[in-house]
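An overview of the molecular structure
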Amino acid sequence: MLCKLAFKSELRQGLYNFIIDCPEMAKAAKPGQFVHVLCGGSAYLRRPISICDAVNDRFVRFIFEVRGKGTAELAKAQPEQLLDVLGPLGNGFEVPEELSGEAVLIGGGIGIFPLLMLAKKLPQKPLVMLGFRDKQSAVMIREFSNAAKEVFVASDDGSIGHKGFVTDMLKSKIASGAKIDKIYTCGPVPMMKIVADTAKENNIECMVSMEERMGCGVGACVTCTCTMTDGSRRRVCKDGPVFNGAEVDFDG
Amino acid sequence: MADLRVNIAGVEWSNPVTTASGTFGFGREYAEYFDLSNLGAVCLKALSAKPRLGNRSPRIAEVNDGILNSVGLQNPGAQHFIDNELEWLRQFDTKIIANLCGSTVEDYVEVAEILGDKVDMFELNISCPNVKEGGMAFGTDPKMIEDITSRVKAASKVPLIVKLSPNVTDITEMAKAAEAGGADAVSLINTLLGMKIDIKTRKPVLYNNMGGLSGPAVMPVAVRMVYQVRRAVKLPIIGMGGIATGEDAIEFLLAGADAVAVGTAGIVDPYAWIKVRSGINDYLDRNGYNSVKDIVGKVDING
């Protein structure tokens, strides 16, 4: 579907915030789903980018970092330009009608973005834990603050927030006796593995958002699979990208 | 509107466009985008006698004007397909082609027996570059092609298409071997074995290191091979390899293909199949042809 790029900004160098005008997608979008964007230039395949937010039943917002030729080409798009976008695709985060304890959202790096829409849709404001490389790469903390009960920040070098892993904060929150009902996470695989393991050890339900090199985005080409603990391989685009953390074999 | 009907080994297709196996699943995903009755046939993801897990990810790598894949024939098995997919597919007015894969000749025969006459045609996949046993190992040796074709043909209740690998020195020898083995048609080309290296990590992008190249990058190779095979055998030909538009498909028809398959283009654009079908019709109308059959093999060769 062709959608007009309504707004574009650069959150920090190489990190782009796009808002596209597409009422049908905005109405249908659920937290954790993604759009599949044709970038133009010599990038042959589409690029899957998670939905950061859907606004006023009209706009879909997504944020991407320039990592290769596709994202570099997409970054050149100008407002009013039409973008070829498929979506919303995939199974997003399950949003419960009520929570019996805290919901904890843990994001690392550019994995934090799909958690914003989730934070807004949950029946109560969640605890949000964000991990960044350093202060320069830290973004969106203010927006998360508006949607969260509390925001905790960690960075690898300690230049902002807690020095160390964002997962340390989850462990100390659990150790403090907080009653946590659900954990949702998106970010680097090593981080999500620790989150999923921690959740499992404490009998907390955990949803993880997986990423893999993708083809069609709709489930037909079966290239973007991840391995499950039962040994099966499931499609990240169609069966996921969000899976039950206890069912994913992060080393598979 | 030109007459788009074609007859492939006795099976009447409403138009010459089908799907390339492995790019279309069992049809469910793209049925959300268009009515599958618009296709002459749907060629489904490869089926083996027992479920296959496929290879580890990454299974796809982008290259210039195409992709490499190393899926490795992941599928739920032929019986699962019959129990869960076939009845749903039959609601569409299109022919169903099952793509058969296996590790041994007996495996292929077993899939053919499980499927019986429940589908309209078989496509013998002896050209997949992504599995250690079977696959391409069968499809690059004329003796083995003739042998496996005759064995599977003997077990087949529906017309048998043999899908040829381009990873050979002389594709015509392979086509002749399929014909000698009793094939009812041939399809070509499967993917070309390729490799993509990430220079930052100095590692291949695919977990499997190598994979099959498809997309616009392979089209001139595919057109050339269809042309050569047309002159070597009398069998109907389903041409494929990089087709993304009606114009691309016309090249294959002129080279000698009776029908065409679209695959990788659909991975980028879910409407590629429909666009190719319309594009073929537009070319025929524009140039005053009444039937798609009028242009098959009509390339005007120099000299």
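Residues numbered from 1 in each chain as written. Chains lettered and ligands numbered in written order. Predicted model: local features only at pLDDT ≥ 70, side-chain atom pairs only at ≥ 80, totals over all residues. Heavy atoms only, no water.

Focus: the overall build of chain B
Secondary structure assignment for chain B yields 11 helices and 16 strands. Against the compact-globule benchmark of 19 Å for 303 residues, chain B has a radius of gyration of 18 Å, which places it among compact chains. A burial count over chain B gives 60% of its 303 residues as buried. The long-range fraction of contacts in chain B, counting pairs at least 24 apart against all pairs at least 6 apart in sequence, stands at 71%. (Helix = DSSP H or I, 4+ residues; strand = E, 2+ residues; numbered from the N terminus. Rg over C-alpha atoms; globule rule 2.2 N^0.38 Å. Buried < 20%, exposed > 50% of the residue type's maximum accessible area, 1.4 Å probe, protein only. Contact = heavy atoms within 4.5 Å.)

Section: the interface of chain A and chain B
Taken together, the contact between chain A and chain B spans 30 residues of the former and 35 residues of the latter. Summing both partners gives a buried area of about 2,500 Å² for chain A against chain B, and 55% of it is carried by carbon and sulfur. Per-residue buried area on chain A facing chain B is highest for Tyr44, Arg213 and Arg233 of chain A; these three make up 31% of the total on that side. Where chain A packs against chain B, one counts 3 salt bridges. (Buried area = accessible area lost by both parts, 1.4 Å probe. Salt bridge = Lys/Arg side-chain N within 4 Å of Asp/Glu carboxyl O.)

Some remarks on the sheet that holds strand S15 (residues 237-240) of chain B
All names here are of chain B. Here 8 strands make up an open sheet; going across it, the order is S3-S16-S15-S10-S9-S8-S7-S4 and the pairing parallel. Strands with a single pairing partner mark the edges of an open sheet, and in this sheet they are strand S3 (17-19) and strand S4 (41-43). Neighbour-to-neighbour, the strand axes of this sheet turn through a mean angle of 25 degrees, independent of strand direction. Together, strand S7 (95-100) and strand S8 (121-125) form the strand contacts of helix H4 (residues 105-115), whose direction differs from that of S7 by roughly 155 degrees. Across the sheet, helix H9 (residues 246-255) is in contact with S15 and strand S16 (259-262); its angle to S16 comes to roughly 140 degrees. (Pairing = 2+ DSSP bridges. Axes fitted to C-alpha atoms, helices over the stretch in contact; angles between N-to-C directions.)

Overview of the packing of helix H8 (residues 219-232) of chain B against H9 of chain B
Residue and element names in this part refer to chain B. At a minimum axis separation of 8 Å, H8 and H9 run at an interaxial angle of 25 degrees. Between H8 and H9, the interaxial angle falls into the category roughly parallel. In the crossing of H8 with H9, the sense of the turn from one axis to the other is right-handed. Along its contact with H8, which presents Met219, Ala222, Val223, Val226, Tyr227 and Arg230, the element H9 presents Asp248, Glu251, Phe252 and Ala255. (Parallel < 35°, antiparallel > 145°, perpendicular 65-115°, else oblique. Left-handed = near helix turned anticlockwise from the far one by under 90°.)

What to know about the pattern of salt bridges
Within this structure, the stated rule accounts for 26 salt bridges over all chains. Between lysine 193 of chain A and aspartate 197 of chain A there is a salt bridge, and its shortest N-O distance comes to 3.8 Å. Residue lysine 193 of chain A and its partner aspartate 197 of chain A are located together in helix H6 (residues 189-201), separated by 4 residues, close to a single helical turn. Each of the salt bridges in this network shares a partner with another, and the network as a whole consists of Arg234, Arg235 and Asp239 of chain A together with Glu29 of chain B.

Focus on the pairing of strand S5 (residues 59-65) of chain A
All names here are of chain A. Counting buried residues along S5, 6 of its 7 residues qualify, which places the element largely inside the surrounding structure. Direction of pairing for strand S2 (residues 15-21) relative to S5: antiparallel, over a ladder of 7 bridges. Within the sheet, the bridge partner assigned to isoleucine 20 lies in S5 and is valine 60.

Comments concerning helix H3 (residues 114-121) of chain A
All names here are of chain A. Extensive coverage of H3 is indicated by the burial of 6 of its 8 residues. Among all positions of H3, only Pro114, Leu115, Leu116, Met117, Leu118 and Ala119 are buried. Residues of H3 that are buried in the fold lie against strand S4 (47-55), S5, strand S7 (102-108), helix H4 (141-147) and strand S11 (180-186).

Side note on the domain arrangement of chain A
All names here are of chain A. As assigned here, chain A comprises domain 1 (2-89) and domain 2 (102-247). Taking the mean C-alpha position of each, domain 1 and domain 2 sit 21 Å from one another. Contact with domain 1, which involves 22 residues of that partner, is made by 21 residues of domain 2. Around 1,700 Å² of area is buried between domain 1 and domain 2 when both sides are counted, 67% of it from carbon and sulfur atoms. Broken down residue by residue, the surface that domain 1 buries against domain 2 is led by Arg12, Pro31 and Cys52, which jointly contribute 26%. Measuring nitrogen to oxygen at the nearest pair gives 2.8 Å for the salt bridge that ties arginine 61 to glutamate 143. Taken together, the elements giving at least two residues each to the side of domain 1 that touches domain 2 come down to strand S1 (2-12), strand S3 (34-37), S4, S5 and strand S6 (82-89). When the residues that make up the side of domain 1 that touches domain 2 are grouped by side-chain class, the tally is 13 nonpolar, 3 polar and 6 charged. (Domains from an automatic or database assignment. Nonpolar A, V, L, I, M, F, W, Y, C, P; charged D, E, K, R; others polar.)

Quick look at the side chain of serine 57 of chain B
Checked against the element boundaries, serine 57 of chain B lands in the loop between S4 and strand S5 (60-63). Within the structure, the side chain of serine 57 of chain B is placed 2.6 Å from the backbone oxygen of threonine 225 of chain A, a separation counted as a polar contact. For serine 57 of chain B, the residues in contact, after removing those within four places along its chain, are Glu212, Thr223, Cys224 and Thr225 of chain A together with Tyr207 of chain B. (Polar contact = N/O pair within 3.5 Å; in protein donor to acceptor, adjacent residues only side chain to side chain.)

Remarks on H9 of chain B
All names here are of chain B. Of all 10 residues in H9, 7 are buried; the element is thus mostly enclosed. Along H9, the residues that are buried comprise Gly246, Asp248, Ala249, Ile250, Phe252, Leu253 and Ala255. Positive backbone phi, approximately 130 degrees, marks glycine 256, located one or two places after H9.

Some thoughts on the confidence of the model for chain B
Model confidence for chain B is summarised by a mean pLDDT of 96, while 98% of its residues fall at 70 or above. Taken together, the chains of this predicted complex give a pTM of 0.95 and an interface ipTM of 0.93. (pLDDT = per-residue confidence, 0-100.)

Some thoughts on the pairing of S11 of chain A
Residue and element names in this part refer to chain A. When you tally the buried positions in S11, you get 7 out of 7 residues, the bulk of the element. Of the strand pairs in this sheet, S7 and S11 are connected by 6 bridges, and their pairing is parallel. By the bridge assignment, alanine 103 is partnered in S11 with lysine 182.

Digging into the nonpolar core
In terms of nonpolar packing, the biggest core is built from 139 residues, with Ile183 of chain A together with Trp13, Phe81, Leu115, Leu188 and Ile280 of chain B touching the most fellow members. Mapping this core onto the domain boundaries places at least three of its residues in each of domain 1 (2-89) and domain 2 (102-247) of chain A. Grouped together as the second largest cluster of nonpolar side chains are 28 residues, Cys52, Ala148, Val153 and Tyr184 of chain A included. (Core = buried A, V, L, I, M, F, W, Y, C linked by side-chain atoms within 4.5 Å.)

So, the packing of H4 of chain B against helix H6 (residues 142-155) of chain B
All names here are of chain B. For the pair H4 and H6, the least separation of the axes is 9 Å and the interaxial angle reads 25 degrees. The orientation of H4 relative to H6 falls into the category roughly parallel. As H4 runs across H6, the sense of the crossing is right-handed. Contacts between H4 and H6 involve Val105, Glu106, Tyr108, Val109, Ala112 and Glu113 on the former and, on the latter, Asp147, Ile148, Arg151, Val152 and Ala155. Split by residue class, the contact of H4 with H6 holds 7 nonpolar, no polar and 4 charged.

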